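# Breakdown of the fold
The primary structure of each chain is shown beneath.
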Amino acid sequence: MSATAVSVPMPAVPRRRRSPEEVAAAAPVTAPKRVLLAAPRGYCAGVDRAVIAVEKALEHYGAPVYVRKQIVHNVHVVSSLEARGAIFVEENEEVPAGELVVFSAHGVSPAVVQSAADRGLRTIDATCPLVTKVHKEAVRFAEDNHILLIGHEGHEEVEGTYGEAPESTTIVNNPEEARTVQVDDPDHLIWLSQTTLSVDETMEIVDILRERFPNLQNPPSDDICYATTNRQVAIKKIAPQAELVIVVGSANSSNSVRLVEVALEYGAKASYRVDFANEIDEAWFVGVASVGVTSGASVPEVLVQDVLRLLAEYGYGSVEEVVTAEEDILFSLPKELRATMKAAGDPTYKMGAKSNS
Ligand code: 2E7
Ligand code: F3S
């Protein structure tokens, strides 16, 4: 059976750029030009672990290694792994029986795990441990409660969490749905959420729900993960001082798209998301002194460095890193892989995953 590759947009075709002199002539900038670079930005521990899992699977099992869905939502990461022999598919049915499939960082429902077993597939589960935590909460709370799952319907993570207890879960996409959602028993109700939402909008949704359902229970700990929260805090600090905020990240990356929204909400005059530096339109620089830069949790640092190089060409060579948190979280690699690596004498099997390259 042939596999249907997940479609990955190619980098934008380069076009003629307006020179730095042409941009400066359009509107002279009197204040010193500078870049405010967010920290933390880029790879989180769950992404690093998932990408390393595919790399190690290629190394130890050889190509092809099938991956169900994009391992993380980043064009560059997916196309780089494709070039090394990974085959991205939408569903298990596209993977030849007996082959190896990696489940993406966003997690899978029990039905997907079962369908892999039914096809005799070997699996490596690269689900982020912080998503697994939410899945466990969903299973536990569904015993006695109805779950209001705040998140974006159709996103892989929400599909996976919903699939743990579909009879006992209702997805709440936005504040409007929070105002209209109907429940059978408002006294046995708990909310959970997708890990990559806007912290502020999620709290707004919870407030609306609690007003309607005063006995709504909170999850035992935050579902919005540390990486999402930290990247939003950093851009909140930069946004009021920046006329332009550039977010590096792919269009289907929920957490990256949220960074653009948060930048605009917190005072950036303009904010754009780009996959690659060559998508930056130099017209964005007209009259701009301070440029904020950040990147989503699925974005390799090399792409940010490309953006900084381009900014330097246009006079934004002074870079100030704005640090709002230090991150030192490490996740060990998926257990199926660790066992193989250990048996093969690969000394990195104990390695925790978290780099930013
Ligand atoms: C897994 C999870 O791949 P991403 O861009 O994913 P989102 O969910 O933001 O579209 O970012 C990393 C990531 C975040 N959350 C991976 Cl559950
Ligand atoms: Fe996990 Fe959060 Fe990253 S859920 S994959 S640590 S953005």
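Residues numbered from 1 in each chain as written. Chains lettered and ligands numbered in written order. Predicted model: local features only at pLDDT ≥ 70, side-chain atom pairs only at ≥ 80, totals over all residues.

## Points about the site of ligand 2
- Taken together, 15 residues lie around ligand 2, and Cys44, Gly46, Cys128, Thr195 and Cys225 are the ones closest in.
- Elements supplying a minimum of two residues to the shell around ligand 2: α2 (45–61), α5 (129–141) and α9 (226–238).
- Examining the composition of the shell around ligand 2, we find that three residues originate from one element, α2, more than from any other.
- When its residues are assigned to classes, the shell around ligand 2 shows 10 nonpolar, five polar and no charged. (Near = placed C-beta within 6 Å. Helix = DSSP H or I, 4+ residues; strand = E, 2+ residues; numbered from the N terminus. Nonpolar A, V, L, I, M, F, W, Y, C, P; charged D, E, K, R; others polar.)

## Quick word on the pairing of strand β8 (residues 189–193)
- β8 sits mainly inside the fold: five of its five residues count as buried.
- Across the two faces of β8 the burial is the same, with Leu189, Trp191 and Ser193 and Ile190 and Leu192 all buried.
- Pairing between strand β6 (residues 146–150) and β8: five bridges, direction parallel. What sits directly across from Ile147, in β8, is Ile190. (Buried ≥ 20, exposed ≤ 12 C-beta atoms within 10 Å, placed from the backbone. Pairing = 2+ DSSP bridges.)

## Here we look at the nonpolar core
- Counting 61 residues, the largest nonpolar core has Ala53, Val54, Val67, Ile71, Val102 and Leu149 as its most contacted members.
- Top element by residues in this core is α2. It accounts for eight residues.
- Ignoring any residue separated from it by four or fewer positions in sequence, one finds Ile71 in contact with Ala50, Val51, Val54, Val77, Val78, Leu81, Val102, Ser104, Ala105 and Ala126.
- Residues Leu36, Ile246, Ala263 and Leu303 belong to the second largest nonpolar core, which totals 35 residues. (Core = buried A, V, L, I, M, F, W, Y, C linked by C-beta atoms within 7 Å. Contact = placed C-beta atoms within 7 Å.)

## Some thoughts on the sheet that holds β6
- The strand order β7-β6-β8 describes an open sheet built from three strands, whose pairing is parallel. This sheet does not close on itself; its edge strands, each paired only once, are β7 (169–172) and β8. Each adjacent strand pair in this sheet contributes to an overall mean axis angle of 25°, direction not counted.
- Sitting on the sheet, α5 is in contact with β6, β7 and β8, with an inclination near 165° to β8. (Axes fitted to C-alpha atoms, helices over the stretch in contact; angles between N-to-C directions.)

## A closer look at the confidence of the model for the protein chain
- Averaged over all residues, the pLDDT of the protein chain is 94; the fraction at 70 or higher stands at 94%.
- Every residue in residues 1–8 is under pLDDT 50, and counting partners more than four places away or in other chains gives 20 contacts. (pLDDT = per-residue confidence, 0-100.)

## Examining the UniProt feature "active site" (unreviewed entry) in the protein chain
- The feature "active site" (unreviewed entry), as given by UniProt, occupies Glu157 in the numbering adopted here.
- Mapped onto the fold, Glu157 is located in helix α6 (residues 156–162).
- Glu157 sits in the buried class, given 24 other C-beta atoms within 10 Å.
- Once residues within four sequence positions are removed from consideration, Glu157 is found in contact with His106, Gly107, Val131, Gly151, Gln194 and Thr195. (UniProt positions renumbered as here; feature names shortened; annotations may be inferred.)

## Some words on the environment of Val172
- Residue placement: Val172 occurs in strand β7.
- We classify Val172 as buried; it has 24 C-beta atoms within 10 Å.
- Spatially, the C-alpha atom of Val172 lies 7.6 Å from that of His152, the residues being 20 residues apart in sequence.
- Apart from the residues lying within four places of it in its own chain, the contact partners of Val172 are Leu148, Leu149, Ile150, Glu177, Ala178, Val181 and Ile205.

## As for the packing of α2 against helix α12 (residues 335–343)
- Contact geometry of α2 with α12 gives a least axis separation of 11 Å together with a crossing angle of 40°. Here α2 is positioned oblique relative to α12, judged by the angle of their axes. Note that α2 runs across α12; the crossing there is left-handed. Where α2 approaches α12, its residues Ala53, Lys56, Ala57 and His60 are matched on the opposing element by Leu337, Thr340 and Met341.
- Taken together, the residues of the contact of α2 with α12 break down into four nonpolar, two polar and one charged. (Parallel < 35°, antiparallel > 145°, perpendicular 65-115°, else oblique. Left-handed = near helix turned anticlockwise from the far one by under 90°.)

## With respect to the UniProt feature "binding site: dimethylallyl diphosphate" (unreviewed entry) in the protein chain
- What UniProt calls "binding site: dimethylallyl diphosphate" (unreviewed entry) maps, in this numbering, to His73, His106, His155, Ser253, Ser254, Asn255 and Ser298.
- Residue placement: His73 occurs in the loop between β2 (65–68) and α3 (75–83).
- Looking at His73, the number of C-beta atoms within 10 Å reads 28, which means it is buried.
- When residues no more than four places from it in sequence are discounted, the contact partners of His73 are Ser250, Asn252, Ser253 and Ser298.
- Following the sequence through the fold, His106 ends up in the loop between β4 (100–103) and α4 (110–118).
- Exposure remark for His106: the 27 C-beta atoms within 10 Å place this residue in the buried category.
- Apart from the residues within four sequence positions on either side, His106 is in contact with Lys69, Val131, Glu156, Glu157 and Gly160.

## Focus on the packing of α9 against helix α10 (residues 254–265)
- Taken N-terminus to C-terminus, the directions of α9 and α10 make an angle of 30°; their axes are 9 Å apart at the nearest point. With respect to α10, the axis of α9 lies roughly parallel. Judged by the twist between their axes, the crossing of α9 over α10 is right-handed. Along the contact surface, α9 presents Thr228, Arg231, Gln232, Ile235 and Lys236, while α10 presents Asn255, Arg258, Leu259, Val262 and Ala263.

## Focus: the site of ligand 1
- In the region of ligand 1, 18 residues are neighbours, and Val72, His73, Ser253, Ser254 and Asn255 sit closest.
- Breaking the shell around ligand 1 down by element, the ones donating at least two residues are α2 and α10.
- Looking at the shell around ligand 1 element by element, the count peaks at three residues for α10.
- For the shell around ligand 1, the per-class residue count stands at six nonpolar, 11 polar and one charged.

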